Amino acid sequence: MKLGIVGLPNVGKSTLFNSLTKAGAESANYPFCTIDPNVGVVAVPDQRLKLLGDMYHSKKVTPAVIEFVDIAGLVKGASKGEGLGNQFLSNIREVDAIVHVVRCFEDDNVVHVDGSINPLRDIETINLELIFADLEVLERRIAKVSKTARMDKTYAKELQLLERVKAHLESGKPAKTAETEDEDELALMKEFNLLTYKPVIYAANVSESDLADDGASNPMVEEVRKFAQGEQSEVFVICAQIEQEISELEDDEKAMFLEDLGLSESGIEKLISASYRTLGLMSFLTAGEDETRAWTIKIGTKAPQAAGKIHSDFERGFIKAEVVNYRDLLEQGSLAAAREKGLVGIEGKDYVVKDGDVILFRFNV
């Protein structure tokens, strides 16, 4: 999973990225300090792995990971190359979802590129730049497809979709809200790889005082939530500065720090949960003496395709899967004990893998 962090300059993007990855991306109070996209890989916190690893005395415990790309602050005109625009828009095309950091705090010491704090205006500025960039892509595609559409029904159908989506974007709406008429059109929409077709998670960056009630008393956060609801996007509240402080603590200190702030989970944990929900993902587990590991798959994935995440041979030569829920396995203390209690299922090719399944695949190639 690859997520791109975007937003206007000085909204807290690089501070959030630093706390996510401890990669130390330069963070300073001026625009364009992040000149190359910073990439960091973050382990997905998963208590199940530690418990299973301890039970099996695993030599290695490998969590699922998310790749974050910190993309330099976009400004009005980015799609036309203003600021450092174009090269960063191309970086966004490579991600699965966009994390859009929106400033919802006042601070006279941190300048705003537009001179005042207005989250909805900021969102509109970024969204318009993404729309303009998508329109350029569509116009190039329309010019190419128009030449063959007269003689080819497939291209004629694509041209109709392209022109419909172009009109939709020109009305100021993102591609993801454009309607598709059938599976063919849906497949084409994915193929176009439009920026505004990607799912968005809004990170409402607040001051420390707004964290305890999850931004409920902050009217700017409420505005962002209403906007996001209209496009069926997720919102999570974060204080990027606090996240950076948390990232420098040991695990036991983190828990105490969060408790002192009246929080049950960190902003990073909120972001990871929102990412999994937005992209329809979950994890199954494999466990043993050599390694205990989490594997990320789409919800609804069947056993052979899940096996293919481990190795293509597992999918090609799939015979069956021995499946036990991680809670049952931990309670029984071993796979053999879970088998004796009838808690291990022998599943075939049509089995739909569930979150938290611990699976042993049988295959032959």
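Before reading further, recall that the structure is shown in the block above.
For clarity, every value in this text was computed on a predicted model and none was experimentally measured.

Visitor: Tell me about the overall build of the chain, and please be specific about residues and values.
Guide: Counting secondary structure elements, the chain contains 14 helices and 12 strands. Burial analysis of the chain (365 residues in total) assigns 47% to the buried set. Considering only intrachain contacts with a sequence separation of at least 6, the fraction spanning at least 24 residues in the chain is 68%.

Visitor: Could you give an account of the pattern of salt bridges, with specific residues and numbers?
Guide: Taken as a whole, this structure holds 24 salt bridges when the rule is applied. When the shortest N-O distance is used, the salt bridge between Arg164 and Glu181 registers 3.8 Å. Pair noted here: Arg164 is in helix H5 (residues 153-170) and Glu181 is in the loop between H5 and helix H6 (183-192), with a separation of 17 residues, a long-range link. Classification of Arg164 as partly exposed rests on a relative accessible area of 31%. Among the residues examined, Glu181 registers a relative accessible area of 63% and is labelled exposed. Overlapping salt bridges, with partners in common, bring together Lys2, Glu67 and Glu94 in one network.

Visitor: Describe the environment of Lys176, listing the residues and the values that go with them.
Guide: Considering the arrangement of structural elements, one finds Lys176 in the loop between H5 and H6. With a relative accessible area of 23%, Lys176 lands in the partly exposed category. Along the chain, Lys176 and Leu194 lie 18 residues apart, while their C-alpha atoms are 8.9 Å from each other. Lys176 has contacts with Thr196, Tyr197, Lys198, Pro199, Val200, Glu231 and Ser233, leaving out every residue within four places of it along the chain.

Visitor: I'd like to hear about the packing of aromatic side chains, residue by residue, with values.
Guide: Per the counting criterion, the structure on display carries 5 aromatic pairs. With a centroid separation of 6.0 Å and an interplanar angle of 85°, the aromatic rings of Tyr202 and Phe227 are classed as edge-to-face. Here Tyr202 is found in strand S6 (residues 200-205), whereas its partner Phe227 is found in helix H7 (residues 219-230), with 25 residues between them in sequence. Phe227 sits in the partly exposed class, given a relative accessible area of 33%. Here Arg48 stacks its cationic end above the ring of Tyr326, 5.5 Å away from the centre of that ring.

Definitions and limits used
- Residues numbered from 1 in each chain as written.
- Predicted model: local features only at pLDDT ≥ 70, side-chain atom pairs only at ≥ 80, totals over all residues.
- Heavy atoms only, no water.
- Helix = DSSP H or I, 4+ residues; strand = E, 2+ residues; numbered from the N terminus.
- Buried < 20%, exposed > 50% of the residue type's maximum accessible area, 1.4 Å probe, protein only.
- Contact = heavy atoms within 4.5 Å.
- Salt bridge = Lys/Arg side-chain N within 4 Å of Asp/Glu carboxyl O.
- Phe/Tyr/Trp six-rings, centres within 6.5 Å; stacked < 30°, edge-to-face > 60°.
- Lys NZ or Arg CZ within 6 Å of the ring centre and 35° of its normal.

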